[in-house]
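Structural description and commentary
The residues making up each chain are set out below.
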Amino acid sequence: MVELKTDTSIDAMHETGQVVARALTAVRRAADVGVSLLELDELARDVLREAGAGSPFLGYRPSFAPTPFPAVLCASVNDAIVHGIPHGYRLRDGDLLSLDFGAELGGWAGDSAVSFVVGRPRPADLRLIETAERALAAGIEAAVAGNRIGDIAHAIGSVCRAAGYGIPDGFGGHGIGRRMHEDPAVPNEGRPGRGLPLRPGMVLAIEPMLIAGGGDGYHAAPDGWTLRTNDGSRAAHVEHTVAITRTGPRILTER
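This report concerns the structure included in the present document. On a predicted model such as this, the values are computed, not experimentally measured, just so you know.

What follows deals with the nonpolar core. One finds I152, L198, L204 and I206 to be the most contacted residues of the largest nonpolar core, which totals 29 residues. No other element matches the seven residues that helix α3 (residues 123-141) contributes to this core. Counting residues in each nonpolar core, the second largest holds 25 residues, with L37, V47, L97 and L99 among its members.

As structure tokens, this is what we get:
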């Protein structure tokens, strides 16, 4: 069931989204060579505490997970696509880091992700990240009343495939509101004009995930959470929480 949010509810979700934006901005600034993933998670916790917000990630346990998620931040390095658990790994020069973060405030959730290179970047990584950001922008542009879910999916997938990148099978965006994951599913590839009609009041987490090697395959790491590319190539993940309004898409997690 898809819940349509009022304008007042969307404004409240924007407040939550700004907590998410502040956390990702702070963590990105702190992510430098020699900094550990655990230190980044602690910084994200500090932002939540200062805002009086909670974490929809901490303790989350979907059906596939062997254990509850132990952190407030997903930190995925190099060939990790999503769901990386922060641990003692210290960032190295040239690492491609994807950060996914959520917050809960006043009964509303927000969710966003960013990818970037720590230290000196490789041109191939910059192209991958730039394509992911273009795919996200295309998906957001298609998130208008009167379109359908398939239009968002097609917009994202077209950008990714044209650049020769892979798209992880079965992973994509989702509705968001009182809970982090709500209906509908928002695939990263699909046919235009298909799927659920988009209506004002719908709020979606739109999140392209790209695999540099061009394949779509992935596997779970031994921790049962981290998803890694099958071919060992690098991955990028970007995301915004977006409200569909009468005047067009409104990004609630804009940094």
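Before going further, it helps to spend a moment on the packing of helix α1 (residues 7-30) against helix α2 (residues 37-51). Relative orientation of the contacting elements α1 and α2 amounts to 150 degrees, with a least axis distance of 9 Å. Accordingly, the angle class assigned to the pair α1 and α2 is roughly antiparallel. For the element pair α1 and α2, the recorded crossing hand is right-handed. Residues V19, R22, A23, A26, V27 and A30 of α1 touch α2, and the partners they reach there are L40, L43, A44, V47, L48 and A51. Of the residues in the contact of α1 with α2, the class split is 11 nonpolar, no polar and one charged.

A word on helix α4 (residues 149-162). Taking 1.5 Å per residue as the helical rise, α4 with its 14 residues ought to reach 20 Å, and the 20 Å between its terminal C-alpha atoms agrees with that figure. Burial analysis of α4 places 10 of its 14 residues in the buried class, the great majority of the element. When α4 is considered as a whole, its buried residues turn out to be I149, G150, D151, I152, A153, A155, I156, G157, V159 and C160. Where α4 is buried, its residues meet α3, β6 (182-186), β7 (203-206) and β8 (209-211). Of the residues one or two after α4, G164 is the one with positive phi, at around 85 degrees.

Analysis parameters
As a convention, each chain's residues are numbered from 1 in the sequence order in which they are written. Given that this is a predicted model, residues contribute local features only at a pLDDT of at least 70 and side-chain atom pairs are listed and counted only at 80 or more, while totals for whole chains, interfaces and linings are drawn from all residues. To get the side-chain values, all heavy atoms of the structure are used, and hydrogens and water are removed first. In this text, buried Ala, Val, Leu, Ile, Met, Phe, Trp, Tyr and Cys residues form a nonpolar core when linked through side-chain atoms within 4.5 Å. Throughout this description, buried means an accessible area under 20% of the type-specific maximum (1.4 Å probe, protein chains only), exposed means over 50%, and partly exposed covers the range between. Where helices and strands are cited, they refer to DSSP runs of H or I of at least four residues and of E of at least two residues respectively, numbered from the N terminus. As a rule, the C-alpha atoms of each element are fitted with a line to give its axis, helices using only the stretch in contact, and angles between N-to-C directions run from 0 to 180 degrees. Each angle is binned into one of four classes, with values under 35 degrees roughly parallel, values over 145 roughly antiparallel, values of 65 to 115 roughly perpendicular, and all other values oblique. Crossings are sorted by hand: turned counterclockwise from the far helix by less than a right angle, the near helix makes the crossing left-handed, and turned clockwise it makes it right-handed. We call two residues contacting when some pair of their heavy atoms lies within 4.5 Å. Gly counts as polar in this scheme, as do all residues outside two lists: the nonpolar Ala, Val, Leu, Ile, Met, Phe, Trp, Tyr, Cys and Pro, and the charged Asp, Glu, Lys and Arg. By definition here, a helix of n residues has an expected span of 1.5 Å times n minus one.

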